[in-house]
Amino acid sequence: MSSDRDELTPEEARRDHWEMLRFLGGNVLFGVCLGLAVAAMLIWLDIGGLGSHLARSRNPYLPAAMIAIPLALTFGAAVAASAIMLMPYKKKKQR
């Protein structure tokens, strides 16, 4: 049998899939936190008058959420995409 076979037993495949999902989930969570931190810094540093506009707003929560949620989703997707590109497939086959 060759050492770099692609076939795994069902138990090995299940464990491998859960490891990959955990890897991607951790990266997505990091990206979402990074996007929320960027949104908070945009508001806190008053970039483009954003913080002062929100401070004068009658209901600042909706506009803040409309800024923070798309940034969090974008950063989460970007970090997940980079994690998929860097996923260690070749290292697992060399074991």
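Look a little higher up for the structure.
Quantities reported herein were computed from a predicted structural model and do not represent experimental measurements.

Colleague: Account for the overall build of the chain, naming residues and giving values.
Modeller: Each helix and strand in the chain was counted, giving four helices and zero strands. Scanning the chain from its N terminus toward the C terminus, one meets helices and strands in the order α-α-α-α. Of all intrachain contacts in the chain linking residues separated by at least 6 positions in sequence, the fraction that spans at least 24 positions is 73%. Split by element, the accessible area of the chain, about 7500 Å² in all, is 68% carbon and sulfur.

Colleague: Got a sec to walk through the pattern of salt bridges? Specific residues and values, please.
Modeller: Under the counting rule described, the total for this entry stands at one salt bridge. With a shortest N-O distance of 3.0 Å, arginine 14 and glutamate 11 are connected by a salt bridge. Of the two residues, arginine 14 and glutamate 11 both sit in helix H1 (residues 10-44), three residues apart, roughly one turn of that helix. Residue arginine 14 is classed as partly exposed on the basis of its relative accessible area of 45%. Judged by its relative accessible area of 49%, glutamate 11 is partly exposed.

Colleague: Describe the packing of H1 against helix H3 (residues 61-85), with residues and values.
Modeller: The relative placement of two packed helices comes down to the angle between their axes together with the axis-to-axis distance. Running from amino to carboxyl end, H1 crosses H3 at an angle of 145 degrees, the nearest separation of the two axes being 7 Å. Between H1 and H3 lies a crossing whose hand is right-handed. Within the contact of H1 with H3, the residues separate by chemical class into 21 nonpolar, four polar and no charged.

Colleague: Tell me what's going on with unusual backbone geometry, and back it up with residues and numbers.
Modeller: Backbone geometry at aspartate 46 places phi at a positive 60 degrees, although glycine is not the residue there. Structurally, aspartate 46 is set in the loop between H1 and helix H2 (50-56). For aspartate 46, a relative accessible area of 34% puts it in the partly exposed group.

Colleague: Tell me about a nonpolar patch on the surface, and name the residues and values.
Modeller: On the surface, Met41, Trp44, Leu45 and Ile47 cluster together into a nonpolar patch covering about 460 Å² of accessible area. Note on placement: methionine 41 falls in helix H1. Take methionine 41: its relative accessible area is 39%, and that puts it in the partly exposed class.

Colleague: Break down the environment of aspartate 46 for me, with residues and values.
Modeller: Setting aside chain neighbours within four positions, we find aspartate 46 in contact with Met41, Gly51 and Ser52. One polar contact links the side chain of aspartate 46 to the main-chain amide nitrogen of leucine 50, over a distance of 3.3 Å. For aspartate 46, the side chain forms a polar contact with the main-chain nitrogen of glycine 51, separated by 2.8 Å.

Colleague: Tell me about the environment of proline 70, residues and numbers included.
Modeller: Relative to the helices and strands, proline 70 is located in helix H3. Classification of proline 70 as partly exposed rests on a relative accessible area of 41%. Residues proline 70 and valine 32, 38 residues apart in the sequence, show an inter-C-alpha distance of 9.7 Å.

Rules and cut-offs
Residues numbered from 1 in each chain as written. Predicted model: local features only at pLDDT ≥ 70, side-chain atom pairs only at ≥ 80, totals over all residues. Heavy atoms only, no water. Helix = DSSP H or I, 4+ residues; strand = E, 2+ residues; numbered from the N terminus. Contact = heavy atoms within 4.5 Å. Areas by Shrake-Rupley, 256 points an atom, 1.4 Å probe, with all protein chains shown as cover. Salt bridge = Lys/Arg side-chain N within 4 Å of Asp/Glu carboxyl O. Buried < 20%, exposed > 50% of the residue type's maximum accessible area, 1.4 Å probe, protein only. Axes fitted to C-alpha atoms, helices over the stretch in contact; angles between N-to-C directions. Left-handed = near helix turned anticlockwise from the far one by under 90°. Nonpolar A, V, L, I, M, F, W, Y, C, P; charged D, E, K, R; others polar. Patch = residues over 30% accessible without salt bridge, like charges linked within 9 Å, V, L, I, M, F, W, Y side chains within 5 Å. Polar contact = N/O pair within 3.5 Å; in protein donor to acceptor, adjacent residues only side chain to side chain.

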